[in-house]
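Geometric and topological summary
Residues per chain are reported as follows:
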Amino acid sequence: MRTLLAASSAGSRYRSLIALAIAVVVLFAAQGAFGRYQTSVLTTLLLYVCLVSAWNLIGGVAGQFSLASSAVVGLGSYTVVMALRAAALPLAVVLGLAVVGGALFSAILGAILFRLRGFYFTIGTLAAALATMTWMTTWDVTGATTGISAPIQLIPDGATLYRWALGAAAVAMAASILVIHSPLGLRLRSVRDGEDIADSLGISPFTMKMAAIVLSGALTALGGGLFALQKASVEPFSAFSLNWSITIIVMAIVGGLGTTWGPVVGVVVIYYGLTVQLQSLPSLSALLSGLVLVLVIRFLPGGIVGACRDLARWTWGRLRRPRPAARTA
Amino acid sequence: MDIVTVVVSGLLTGGLYATVGLGLALVFGVMRLVNLAHGDLIVLGAYASTLVMAWLGVDPFLSLLLVVPAMALVAYPVQRYLLTGLLRRGLEPPLVATFGISLVISAAITQLFSGNARSLDAPYASAGVNVLGVQLRLIDVIGLGIGVALTVLTALVMNRTRWGAALRASAADPVTAGTMGINVNVVYAITFAASAAIAAVGGVLIGVAYSFTPTSGTSYILIGFTVVVLGGTGSPLGTLLGGLALGLVQSVGGALLGGQYRDFVVYAVFIVVLALKPVADRIVENRRSRLRQPVVALRAEGASS
């Protein structure tokens, strides 16, 4: 109980928000120092932070292990590209459309799938992800299997995209911090840890899960839309690929489920530590990330951030409490 | 296509689907483990068979004599030393672990065999056969035969052997089973090994009948779960019926909507079935409690008089 109250304390929230603000300012100011390649790698990294933080809300804080992220990423991608083709709207409006679309789609998904619990929900989201992908490969409006590409003159350049990615990651992180350290976050965790008990205390599990999935879906679609701008064209097999869900979940769990900074750590370790380093060997990096996932869940249930927190707590405890031998002396 | 062909070919595919679902249902029924790697075990079985075929030049189904024990041997320690420990920590850790295993298997296969589609060559792969005046593929008939045979075999082992009794006891109440001298950890590991062995059979069947890639596992896992949800985890017979029902629905759906929607039909059926499942469970529960009521009432009367 004490840890729960501590987690919801205002002090922790402000510390996290200040740390986030400093990180954003530094990354914004340092933009000029990065070359083309570094800018592109950092853009991808920031977009992953956005996606993983978004999944962390539904998968980590609310404990609903969803595999449907890929569908929302794909939806965001297609919304952005189709909107750019239809009308030369400003980027903010186009991304706003993606956010609204992601929220609506997630609401529909949640309304259907939150009738299910535990692994039935997980398998249901897997079916939803595969169904939307199969649907997109047959739908003529979106170019079926060949996909569509955005008008090249409307695609922002690398530097602009970097700033958008930084903004998206900042929004997702700020949303995570605000939710995790709020009564809403406390209610979400209570639904995760004991759905029936939460229900009996007057917390509606359905409403809580819907709030989490809608917020998560809106942020996921934002990240997906920006990923589409980075690639300039979309086709169903990559935009709706289940790999999105897989990568996001691996990053979230390796970093630390339900923690504020876990997504950042997970993205850096998996994306920068494995994917970028083993760029020419994609299947080897997938193999290693699977192994890391199994090892983390076996030996570090709280992920890297959880393990660091435990270690810090343990050393703090050792330092504060004098050893029995010292006391008797 | 006439209606008879659609129905018969659907039922035949259903035999394959039952094989895919059987391994999942076994593991889920006995230890409530959702094995997200089952599809990849199926694909692994198919690739292992290509190796044995290339090495010894034997028939795909004959290669199972080596592939099945190998798969069971690999699967046993995974359950014994990784998953069983995680099962005690709740629902999510084992789920995540099988997710990681799935990733490892599919990536390892891609690394070793490249991502190209393959199939297992057999002289009877495209041979036709005439059953009740309907022209069918021989391999589909074999698939139904294997599905039925595996179902019967599993049912016999579960209901007629001492080992099956230990398995049912471990499923019903692992703690009590442990106090009765059943080594639940070993039962779990053997169950997982048996599930991997069934997956290998399914993999070879899929390899001969269709083609497969390192990532084919994803669609088969979903087919497997659809079968499990349709047929329940109570008995192997239920799984067989679930498989046949799914095959039938897919075949009819594909015939009505067009071939490209065959997969979509499976996913849609699955979501609908899942959405209706709580309702169906409630109806069953209500009926059961209504059946129980008179007994309770009689007892109450007996006590008062």
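Residues numbered from 1 in each chain as written. Chains lettered and ligands numbered in written order. Predicted model: local features only at pLDDT ≥ 70, side-chain atom pairs only at ≥ 80, totals over all residues.

A count of helical and extended segments in chain B gives eleven helices and two strands. Put simply, chain B runs from its N terminus to its C terminus through helices and strands in the order α-α-α-α-β-β-α-α-α-α-α-α-α. The C-alpha atoms of chain B give a radius of gyration of 21 Å, which matches the 19 Å a tight globule of 305 residues would have. Within chain B, the proportion of its 305 residues that are buried is 49%. By sequence separation, contacts in chain B at least 24 residues apart represent 75% of the contacts at least 6 residues apart. (Helix = DSSP H or I, 4+ residues; strand = E, 2+ residues; numbered from the N terminus. Rg over C-alpha atoms; globule rule 2.2 N^0.38 Å. Buried ≥ 20, exposed ≤ 12 C-beta atoms within 10 Å, placed from the backbone. Contact = placed C-beta atoms within 7 Å.)

Helices and strands together make up the secondary structure of chain A, namely 16 helices and two strands. Here chain A has a C-alpha radius of gyration of 21 Å; the compact-globule value for 329 residues is 20 Å, and the two agree. Projected onto the principal axes, the alpha-carbon positions of chain A cover approximately 80 × 50 × 35 Å. The burial tally for chain A puts 47% of its 329 residues in the buried class. If you take every contact in chain A between residues at least 6 apart in sequence, the share linking residues at least 24 apart comes to 80%.

On to the nonpolar core. Residues Cys50 and Leu293 of chain A together with Met71 and Ala200 of chain B are the most contacted members of the largest nonpolar core, which totals 192 residues. Residue contributions to this core peak at 19 residues, all from helix H8 (residues 184–209) of chain B. Excluding residues within four positions of it along the chain, Met71 of chain B makes contact with Leu41, Gly45, Ala48, Ala196, Ala197, Ala199 and Ala200 of chain B. (Core = buried A, V, L, I, M, F, W, Y, C linked by C-beta atoms within 7 Å.)

A few words now on the interface of chain B and chain A. If you look at the interface, chain B gives 34 residues, while chain A gives 34 residues. Of all the elements in the fold, those that place two or more residues in the side of chain B that touches chain A are helix H3 (60–87), helix H4 (92–113), helix H9 (217–231) and helix H11 (262–304) of chain B. Looking at the side of chain B that touches chain A element by element, the count peaks at 14 residues for H4 of chain B. Residues of the side of chain B that touches chain A, tallied by class, amount to 25 nonpolar, six polar and three charged. (Nonpolar A, V, L, I, M, F, W, Y, C, P; charged D, E, K, R; others polar.)

The next subject is the packing of H3 of chain B against H8 of chain B. All names here are of chain B. At a minimum axis separation of 7 Å, H3 and H8 run at an interaxial angle of 145°. Here the hand of the crossing between H3 and H8 comes out right-handed. Classifying every residue of the contact of H3 with H8 by side-chain character gives 22 nonpolar, four polar and one charged. (Axes fitted to C-alpha atoms, helices over the stretch in contact; angles between N-to-C directions. Left-handed = near helix turned anticlockwise from the far one by under 90°.)

Next up on the list: the environment of Gly164 of chain B. All names here are of chain B. If you trace the backbone, Gly164 turns up in helix H6 (residues 162–172). You can call Gly164 partly exposed: it has 15 C-beta atoms within 10 Å. Sequence separation of Gly164 and Tyr261 is 97 residues, and the distance between their C-alpha atoms is 40 Å. Here Gly164 is in contact with Val157, Met158 and Asn159, once residues within four sequence places are set aside.

With that settled, consider the environment of Phe34 of chain A. Residue and element names in this part refer to chain A. Inspection of the secondary structure puts Phe34 in the loop between helix H2 (10–29) and helix H3 (36–61). On the basis of neighbour counts, which here come to 17 C-beta atoms within 10 Å, the residue Phe34 falls in the partly exposed class. Through-space distance from the C-alpha of Phe34 to that of Ala86 is 34 Å; in sequence the pair is 52 residues apart. Those residues in contact with Phe34 that sit more than four places away from it in its chain are Thr39 and Leu42.

Residue and element names in this part refer to chain A. The first and last C-alpha atoms of helix H12 (residues 242–255) sit 20 Å apart over 14 residues, in line with the 20 Å expected at 1.5 Å per residue. Within H12, twelve of the 14 residues are buried, which leaves the element mostly enclosed by the surrounding structure. Residues of H12 that are buried include every one of Trp244, Ser245, Ile246, Thr247, Ile248, Ile249, Val250, Met251, Ala252, Ile253, Val254 and Gly255, and no others. One or two positions beyond H12, positive phi appears at Gly256, with a value near 140°. (Expected span 1.5 Å × (residues − 1).)

Below, the discussion takes up the packing of H12 of chain A against helix H13 (residues 262–276) of chain A. Residues and elements named next belong to chain A. Running from amino to carboxyl end, H12 crosses H13 at an angle of 115°, the nearest separation of the two axes being 7 Å. The way H12 lies across H13 gives a crossing that is right-handed. Residues Val250, Met251, Ala252, Val254 and Gly255 of H12 lie in contact with H13, whose contacting residues are Gly262, Pro263, Val264, Val265, Gly266, Val267, Val269 and Ile270. When the residues that make up the contact of H12 with H13 are grouped by side-chain class, the tally is ten nonpolar, three polar and no charged.

Glycine aside, residues mostly have negative phi angles, and peptide bonds mostly take the trans form. The phi dihedral of Arg32 of chain B is positive, around 50°, even though this residue is not glycine. Within the fold, Arg32 of chain B resides in the loop between helix H1 (3–31) and helix H2 (38–56).

So, about the confidence of the model for chain A. If pLDDT is low for a region, its predicted coordinates should not be looked at in detail. In the predicted model, chain A carries a mean pLDDT of 82, and 92% of its residues have values of at least 70. Contacts for the low-pLDDT stretch residues 1–8 of chain A, under 50 throughout, to residues beyond four places or in other chains number seven contacts. (pLDDT = per-residue confidence, 0-100.)

One full turn of an α-helix is made of 3.6 residues, so residues set three or four places apart face in the same direction. All names here are of chain B. Between its first and last C-alpha, H4 extends 31 Å over 22 residues, near the 32 Å set by a 1.5 Å rise per residue. Of all 22 residues in H4, 17 are buried; the element is thus mostly enclosed. Ser114 occupies a position one or two residues after H4 and carries a positive phi of about 65°.

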